[in-house]
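Next come the chains, spelled out residue by residue.
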Number of protein chains: 4
Amino acid sequence: MNLGSDNLAGVSPEMIAAISRVNEGTVAAYGADDVTAGLTPLFANFFEHDVAVFPLTTGTAANSLALAALVPPYGSVYCHQVAHIANDECNAPEFYTGGAKLVLMEGANGKLNPDALAAAIDAATPHNEHNAQPAAVCLSQITEVGTTYTPDQVAELAEIAHARGLQVHMDGARIANAVVHLGCSFADISWRAGVDALSFGATKNGALAAEALVFFDPAKGTAMPFLRKRAGHLISKMRFVSAQLEAYFTNDLWQTNALHANSIATKIAAGLGKIENVDVLYPVEGNQIFARLAEGTFDKMAASGHGMGHWDEADRVVRMVAAFNSDVGEIEGFLADMKVASGA
Amino acid sequence: MNLGSDNLAGVSPEMIAAISRVNEGTVAAYGADDVTAGLTPLFANFFEHDVAVFPLTTGTAANSLALAALVPPYGSVYCHQVAHIANDECNAPEFYTGGAKLVLMEGANGKLNPDALAAAIDAATPHNEHNAQPAAVCLSQITEVGTTYTPDQVAELAEIAHARGLQVHMDGARIANAVVHLGCSFADISWRAGVDALSFGATKNGALAAEALVFFDPAKGTAMPFLRKRAGHLISKMRFVSAQLEAYFTNDLWQTNALHANSIATKIAAGLGKIENVDVLYPVEGNQIFARLAEGTFDKMAASGHGMGHWDEADRVVRMVAAFNSDVGEIEGFLADMKVASGA
Amino acid sequence: MNLGSDNLAGVSPEMIAAISRVNEGTVAAYGADDVTAGLTPLFANFFEHDVAVFPLTTGTAANSLALAALVPPYGSVYCHQVAHIANDECNAPEFYTGGAKLVLMEGANGKLNPDALAAAIDAATPHNEHNAQPAAVCLSQITEVGTTYTPDQVAELAEIAHARGLQVHMDGARIANAVVHLGCSFADISWRAGVDALSFGATKNGALAAEALVFFDPAKGTAMPFLRKRAGHLISKMRFVSAQLEAYFTNDLWQTNALHANSIATKIAAGLGKIENVDVLYPVEGNQIFARLAEGTFDKMAASGHGMGHWDEADRVVRMVAAFNSDVGEIEGFLADMKVASGA
Amino acid sequence: MNLGSDNLAGVSPEMIAAISRVNEGTVAAYGADDVTAGLTPLFANFFEHDVAVFPLTTGTAANSLALAALVPPYGSVYCHQVAHIANDECNAPEFYTGGAKLVLMEGANGKLNPDALAAAIDAATPHNEHNAQPAAVCLSQITEVGTTYTPDQVAELAEIAHARGLQVHMDGARIANAVVHLGCSFADISWRAGVDALSFGATKNGALAAEALVFFDPAKGTAMPFLRKRAGHLISKMRFVSAQLEAYFTNDLWQTNALHANSIATKIAAGLGKIENVDVLYPVEGNQIFARLAEGTFDKMAASGHGMGHWDEADRVVRMVAAFNSDVGEIEGFLADMKVASGA
């Protein structure tokens, strides 16, 4: 069973169908087509709020463009020390913001700690213009260790940020997995909790390459058409990206896919919890499981054809990610092999 | 007949088929898959040369990343004043290079003039570090006004560049159209003529979103994995981009598509040449036609359902672009309507 | 006589005196000292307007920081094709703005042409976000070829800019020379004529290293403390820079120095006008003279110990710049040697 | 007694004298003068090594330009979490490098810990181009908490860096204070210990505004003339900066000044050590003292006219910095007042 990443999965058949369906006629390029125009009301309806929506093809682009819109080059962005923007985007946030700084915060279960955040911001500028100016807080939803912020937790952090003049960005690469886990609405977990800009990810949950940068105050997206174009992220045949986002909302595909992935992860986590020598490290609140394995287990599992990702190789911590199309029938075998590989 | 742009066309059915075909199984993400790995020998074979190949989804990304690899932030890039990088990429080259400068050159038929280029470079740095340092020459193939550099013309410009220590980049957004027009090989028009880095475009010629940045000295691409990732241009499910490039070369799809588009343009241009009050402005050496129309013609054509692009609205110059799937059956009607609309 | 540049001169004795005078006691660093605080009322009084003033040590820093404050990275700046920011600052404007583009304009006598400027801005964005967005106009006062914009000329250009939403920056590296030439006030040539931000130069007119970036709407300078610091341009012992600016205004030193330099240039230009084979090229409206010399004249003058700068070596055009301390007694000999060297 | 910072002191009389002395004649601008030319052999002799030397006017510029020369935009720089480049330069390193990332390290006494450094670098790139690439280590000499790296300590860290392909930069804002404390040569503490580039500070030790960026492999400085100019840091009347550096080495002014400042700090620290309720926090190995004071002490000292800097206000930690011209006669009174203010 390959649990290496949800990026390893292919795409939902609905995505291929949507791409095929819009492959007809000559239509305006660069997002001036009807499918793309339809995304604004679609997202507005779905999020129950006015929005400015910008389709993109990678999460790194969405995150970096969001920060470019919200943060001046002399600003700083508070994020968790394991955040994707800090560790997995090769300085893209710094590039796009013109040199803003990420301030890395500790916090249990991959989440920012409200008190620590408030204290850090309050202590950030003892020397005026000598210091980077706090400008934004970035939350990963689902976090990098598979946990999920509740709406209240987001709101508490957002209040701290807003009270100090900072913007709130949410890296929602796996936001659908969070929403189905929480049983709340997209609105609850975003603008209603204080999020100003959202990187709305669909790729990891069944799309081919479709993300959307969403501003809940459309005015904050005013510069985005230019920032996107100068970054080379304005897709010419945009309809094929927008059609994916449309399909994602059609018949609740986002929900079906996320529920499936989460359910697989829950089942696997439950099984792992019963295996000696396997130490599940964080609450499983989405489609990811992190666990510390016994010496040699990873290699034995690989030899049996099971894929996982090294999270902290030296510490024998692995990441397992269920995808929208993971096969429930493979779970039993995976767990059986894990039991053997763990020497349990 | 909609001749607004080759970006308005959809995609070749072969592209949808290729995307569908690779949608199977869990495979490595971020370009570590087999389809992507296959691009290197594929391009090497096709270009008859060692290459480093980087799949991308937009031409602006390909151009800007190429320049980022070749040009220091204190450098300058010589290009034609109508170049896409100068007029249509919203400062992307400046963004990616960290602030390099584009030096705009005049030149007949959208092409750089060798003598003018040599003179400009030679006069560029009278004051040492006070001046931007000439670093690259960028050629559009096909040019922005639809003409095509011959291999000899490229070679002459490249020799001028290389003799002065500059690199040569080719913006090949429509390179297939050039190659079928010239009847030469891709090698002839690229490395054999002195091109160091090539933005190889497939999107305008039938792909969904597939370009490739090609370095003929792979060492020049050493930094590219990092430059691409920090720009947010590393697609996670890369196989779906790479599959398009693979399909593009399969059964000479690139050639079929480009021949079709060029042939349509040739036929239309021939027809336009016979219409009074329509002034075709440049040699038609690909799939684009530029013409000055009589007052009111554009609007009348639009009213008849024909699409064209304003190139210089004040001067009544329009651009007509044939696509890989333009319908030959519509030409006659288009020309008939044009004759009427031109009051000829 | 060395007319190579006004940068070759040393500094006014008053500058050394001012530096010595403030070298007393321990005072706050980084511009929190009293001398620096005094610059705001001093400039406000002198310019008859509210100002935000930022002392700097180079003109390139002043120009680039001004543009960084006024222009977004996807913006463009209209300037004359011989502008210092375009030719002599090694891409500093591009660096500081995060990649904005300079649009180079032709224009007689080194000045922007109002009609051409308006037309260029109006035609700049046919393709929305594909195009760099016009954001500022930059005027050199005195121009790079020694001419001076009148207040009316500045106002006409500023109106064109403002009517189209652009900001107006003045590179006033030699603004004192302009003011004494025009016989107007600093206010007349700056905010009263529509200038939004001014690089106020003192270095070329007798200071050691002292420039000031002046915003006439202080709100436009809000980000400047941070932009300056992140550029490494916040001098720690700022009092020594501020003291130069204070001295510059004391007893009208700026005026004395500029009058002297202009007067020397006027005398030399008058003499050159009478020499056959010397072709003075532009109206001499400050302290600079541009002339085309006969073949070999430059070298003969150099051999006689006279310094001039090559402006266009291939075309035998030289630049002669009088300084605040040029020796009037050397003029006669210079002209006599020029007559001989010119074979006149 | 004002111990707020060594930046609050004025400048050595020798500096004013040097500035006055070179204020003669017309000489080449922008560093083409003889005084500046003389810096290369002067530094080479002083450092016993080939050098490329670039005079600058701020430490932030020196640090940032050094990193711009050594680190790619997708790189990372390892430094102590209290480093000046991390906390006091308002994102200048990020700006100059085009977006490189600072990795903040803990370590006793303000120094990098060799084992932690090696481990951090070794674990930095588990995901290839997704991760910032380790590119440089930056050491502050003297550290931000007043301690000094021994040559052996520098060498150990430099070996770790070099073995992993990283460059070593030293922020030598107070390097003279370190050298006189250590009793070693400048060579011992720089290139001989593995330093590749040095920000050599003179301003804090008596100069007006004079720093030098020194490369021990001159080839590493090849791009510096351009990087400096595009940053607006090429001073036109350079002789006045270079003359300060010349004066700094003349008659061992650097040594006299640093010895004086260090000796003052040593005396004060000794006195503070005897005062109850004053907790000196780090070894005093230069001209800086850090101490935790009792509640209210800072304000009482301020009321008595004594200046100190808040280092961590919430924690009542202050910084005291002796300058090259601090008055030894004021020490006794300072300590007496401190005793009273501390309620000891």
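Please read all numbers here as calculations on a predicted model, not as lab measurements.

1. What about the overall build of chain A?
Looking only at helices and strands, chain A has 15 helices and 11 strands in total. Its C-alpha radius of gyration of 20 Å places chain A within 12% of the 20 Å reference for a compact globule of 344 residues. When the backbone C-alpha atoms are referred to their principal axes, chain A occupies close to 60 × 55 × 30 Å. A total of 344 residues make up chain A; the buried ones form 64% of that total. Excluding contacts between residues fewer than 6 apart, the proportion of contacts in chain A whose partners are at least 24 apart in sequence is 77%. Counting every atom, chain A has about 11,200 Å² of accessible surface; 49% of that belongs to carbon and sulfur. Here chain A carries 20 positive and 37 negative side-chain charges, and the mean point of each set is 3 Å from the other.

2. So, the packing of aromatic side chains
Residue and element names in this part refer to chain A. Taken as a whole and assessed by the stated rule, the structure comprises 86 aromatic pairs over all chains. A centroid spacing of 6.4 Å and a plane angle of 70° characterise the contact between Phe-46 and Phe-47, whose relative ring orientation is edge-to-face. In terms of burial, Phe-46 and Phe-47 fall into one category: buried. When the ring of Phe-46 is compared with that of Phe-186, the centres are 5.1 Å apart and the planes differ by 50°; the resulting orientation is tilted.

3. Quick word on the nonpolar core
Counting 129 residues, the largest nonpolar core has Phe43(C), Phe200(C), Phe43(D) and Phe200(D) as the members making the most contacts within it. Sequence-distant contacts of Phe43(D), defined by excluding residues within four places in its chain, comprise Glu48(D), Val51(D), Val53(D), Phe200(D), Ala212(D), Val214(D), Leu245(D) and Phe249(D). Grouped together as the second largest cluster of nonpolar side chains are 128 residues, Ala18(A), Leu112(A), Phe43(B) and Val53(B) included.

4. A short note on the relation of the copies chain D and chain B
The transform that puts chain D on chain B rotates by 180° and translates by 0.0 Å along the axis, for an RMSD of 0.0 Å. Interpreted geometrically, this transformation is the action of a two-fold axis. Judged by C-alpha distance, Gly98(D) is the residue of chain D that lies nearest the rotation axis, at 3.2 Å. A shared binding surface is used by both copies, with 100% of the interface residues of chain D retained as interface residues in chain B.

5. Quick notes on the sheet that holds strand S3 (residues 101-105) of chain D
Residue and element names in this part refer to chain D. Strand order in the open sheet formed by seven strands is S1-S7-S6-S5-S4-S2-S3, with mixed pairing between adjacent strands. Only two strands of the sheet have a single neighbouring strand rather than two, namely strand S1 (52-56) and S3. Across this sheet, the average inter-strand angle for adjacent strands is 20°, counted without regard to direction. As defined by bridge partners, strand S2 (residues 75-80) adjoins strand S4 (residues 133-140) across four bridges and the pair is classed as parallel. The residue bridging Val-77 from the neighbouring strand is Ala-136, located in S4.

Conventions adopted
- Residues numbered from 1 in each chain as written.
- Chains lettered and ligands numbered in written order.
- Predicted model: local features only at pLDDT ≥ 70, side-chain atom pairs only at ≥ 80, totals over all residues.
- Heavy atoms only, no water.
- Helix = DSSP H or I, 4+ residues; strand = E, 2+ residues; numbered from the N terminus.
- Rg over C-alpha atoms; globule rule 2.2 N^0.38 Å.
- Buried < 20%, exposed > 50% of the residue type's maximum accessible area, 1.4 Å probe, protein only.
- Contact = heavy atoms within 4.5 Å.
- Areas by Shrake-Rupley, 256 points an atom, 1.4 Å probe, with all protein chains shown as cover.
- Lys, Arg positive; Asp, Glu negative; His and termini not counted.
- Charge placed at Lys NZ, Arg CZ, Asp CG, Glu CD.
- Phe/Tyr/Trp six-rings, centres within 6.5 Å; stacked < 30°, edge-to-face > 60°.
- Core = buried A, V, L, I, M, F, W, Y, C linked by side-chain atoms within 4.5 Å.
- Least-squares fit on C-alpha atoms with pLDDT ≥ 70 in both.
- Pairing = 2+ DSSP bridges.
- Axes fitted to C-alpha atoms, helices over the stretch in contact; angles between N-to-C directions.

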